Amino acid sequence: MNLDNLAKIDLNLLVILQILLEEESVTRAANRLHLSQSALSKSLNRLRDTLGDPLFLRTAHGLKPTAHALQLKAQLPTLLQGLYQISLPPSFTPATSHRQFSFAMLESAYETSLPYYIGPILSQAPQLNLEIYGWNEKSLLDLQQGQIDFGITARELHPTADFRLNNLPDGIAHQRLFTDNQVCLVRRDHPVFAIINADENAGSWDLETYLAMSHVQVRCEGNDWWLLDYQLAESGQHRHICATLPDFYGAASVCANSDLVLTLPSSFVPQAQKLYGLVQLPLPIDFSSLVYVLLWHERNNDEPGHKWVRETICENIEKARG
């Protein structure tokens with residue numbers, strides 16, 4: 001495409017050409033366009049010069065298009081319709097849209113957020129195509145580059161955390177969905193209960209006991225350590241992590257079949273307990289909350305389709321979680 005040549009074309013002349021092709025009369029075309037016949041004739045001459053063709057021949061029965069004009073007649077309606085669509089303000093009609101939206105989601109968000117909004121989105125926009133991928137260390141970059149439309153992940157609220165909410169990359173906007181806290185899971189017959197049951201007040205489940213246990217960890221955005229591990233390291237303490245897995249489902253399975261302790265967001269506990277015989281224990285250390293967030297790029301702030309999806313997600317999660 002030669003954009004320099006295209007820039008020389010007055011697009012208004014294409015509208016005039018379309019009307020002339022329909023009417024085959026300067027008089028009737030001028031009336032439709034609310035122009036004088038003289039002004040329309042000047043526009044026709046400009047068209048001839050621009051397109052390098054006479055376009056019309058005068059006959060006793062009006063204007064007759066040339067062969068080139070007849071070729072243009074077959075192409076112009078589609079071209080003008082496309083230009084008309086470009087001129088319209090952005091819009092989105094859920095019921096008829098065939099658009100595709102892509103998500104990168106933290107695995108724990110599959111159970112803690114996806115069930116709340118997937119039904120309402122698809123019931124109102126049944127022809128949408130939703131592509132959902134796992135959240136990983138490249139997902140923020142994918143959001144910046146427009147490779148995905150939305151992200152749902154967890155950010156820590158501790159002021160020194162690497163993955164804190166106010167440490168998002170340039171251009172990334174967010175909306176809080178809900179807050180959560182870390183808890184622990186162990187299998188029902190875990191040896192720790194012999195220690196806890198020996199103490200009537202269950203006071204033996206403390207930080208010392210927690211650190212004496214072996215742990216299974218879920219890798220977060222490519223990192224083996226969580227903020228919890230860095231916080232412990234500041235006081236010279238650490239967890240004995242025997243297994244590190246990429247997802248909570250796998251970690252829950254390991255927890256159910258070993259003496260390892262799994263530390264995880266409390267919102268994922270019900271799903272883990274549905275699958276395995278696991279018992280919840282509090283995290284025996286004062287630790288900051290985390291927040292699940294919806295992420296997108298600021299370029300899509302006012303894009304109607306993106307805005308509708310965002311609002312539907314946030315409204316339904318808020319409604320479901322009270």
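Rules and cut-offs
Residues numbered from 1 in each chain as written. Predicted model: local features only at pLDDT ≥ 70, side-chain atom pairs only at ≥ 80, totals over all residues. Heavy atoms only, no water. Salt bridge = Lys/Arg side-chain N within 4 Å of Asp/Glu carboxyl O. Helix = DSSP H or I, 4+ residues; strand = E, 2+ residues; numbered from the N terminus. Buried < 20%, exposed > 50% of the residue type's maximum accessible area, 1.4 Å probe, protein only. Axes fitted to C-alpha atoms, helices over the stretch in contact; angles between N-to-C directions. Parallel < 35°, antiparallel > 145°, perpendicular 65-115°, else oblique. Contact = heavy atoms within 4.5 Å. Nonpolar A, V, L, I, M, F, W, Y, C, P; charged D, E, K, R; others polar. Pairing = 2+ DSSP bridges.

S.K.: A description of the pattern of salt bridges should follow, citing residues and the corresponding values.
M.R.: Under the counting rule described, the total for this entry stands at 9 salt bridges. The residue Arg239 makes a salt bridge to Asp229 at a minimum N-O spacing of 2.9 Å. Separated by 10 residues along the polypeptide, Arg239 in the loop between α11 (227-234) and β9 (240-245) and Asp229 in helix α11 bring together distant segments of the chain. Residue Arg239 is classed as buried on the basis of its relative accessible area, which comes to 5%. Each of the salt bridges in this network shares a partner with another, and the network as a whole consists of Glu22, Glu23, Arg28 and Arg32.

S.K.: Please give an account of the packing of helix α2 (residues 11-23) against helix α4 (residues 37-51) that cites residues and values.
M.R.: Viewed as axis vectors pointing N to C, α2 and α4 meet at an angle of 105 degrees, and their least axial separation amounts to 10 Å. Put simply, α2 runs roughly perpendicular to α4. Note on element contacts: α4 touches α2 through Leu40, Ser43, Leu44, Arg46, Leu47 and Leu51, opposite Leu13, Ile16, Leu17 and Leu20. Taken together, the residues of the contact of α2 with α4 sort by class into 8 nonpolar, 1 polar and 1 charged.

S.K.: Provide a residue-level description of the pairing of strand β2 (residues 62-65), including the pertinent values.
M.R.: Where a strand is regular, its side chains alternate between the two sheet faces. Summarising the sheet, strand β1 (residues 56-59) and β2 pair through 4 bridges and their orientation is antiparallel. Paired with Arg58 across the two strands is Leu63, which belongs to β2. Between the antiparallel neighbours β1 and β2 lie 2 residues.

S.K.: A description of the sheet that holds strand β8 (residues 214-218) should follow, citing residues and the corresponding values.
M.R.: For sheets, the rule is that strands pair by backbone hydrogen bonds, running either parallel or antiparallel. The 5 strands lie next to each other as β9-β8-β10-β7-β11, forming an open sheet whose pairing is mixed. The open sheet terminates on both sides in strands that have one partner only, identified here as β9 and β11 (278-282). If you compare each strand with its neighbour and ignore which way they point, the axes differ by 35 degrees on average. Bridge analysis of strand β7 (residues 182-187) against strand β10 (residues 261-265) gives 4 bridges, and the strand direction is antiparallel. The residue bridging Gln182 from the neighbouring strand is Pro265, located in β10.

S.K.: Which residues make up the sheet that holds strand β3 (residues 100-105), and what values go with them?
M.R.: Read from one edge to the other, the open sheet built from 5 strands follows the order β4-β3-β5-β12-β6, with strand pairing classed as mixed. Each having just a single partner strand, β4 (129-134) and β6 (172-180) make up the two edges of the open sheet. On average, each strand axis in the sheet is tilted by 25 degrees relative to the strand beside it, whichever way the strands run. With 3 bridges joining them, β3 and strand β5 (residues 150-156) adopt parallel strand pairing. Bridge assignment links Met105 to a residue of β5, and that residue is Ile152. Sheet strands in contact with helix α7 (residues 114-124) are β3, β4 and β5, and its direction is about 160 degrees off that of β4.

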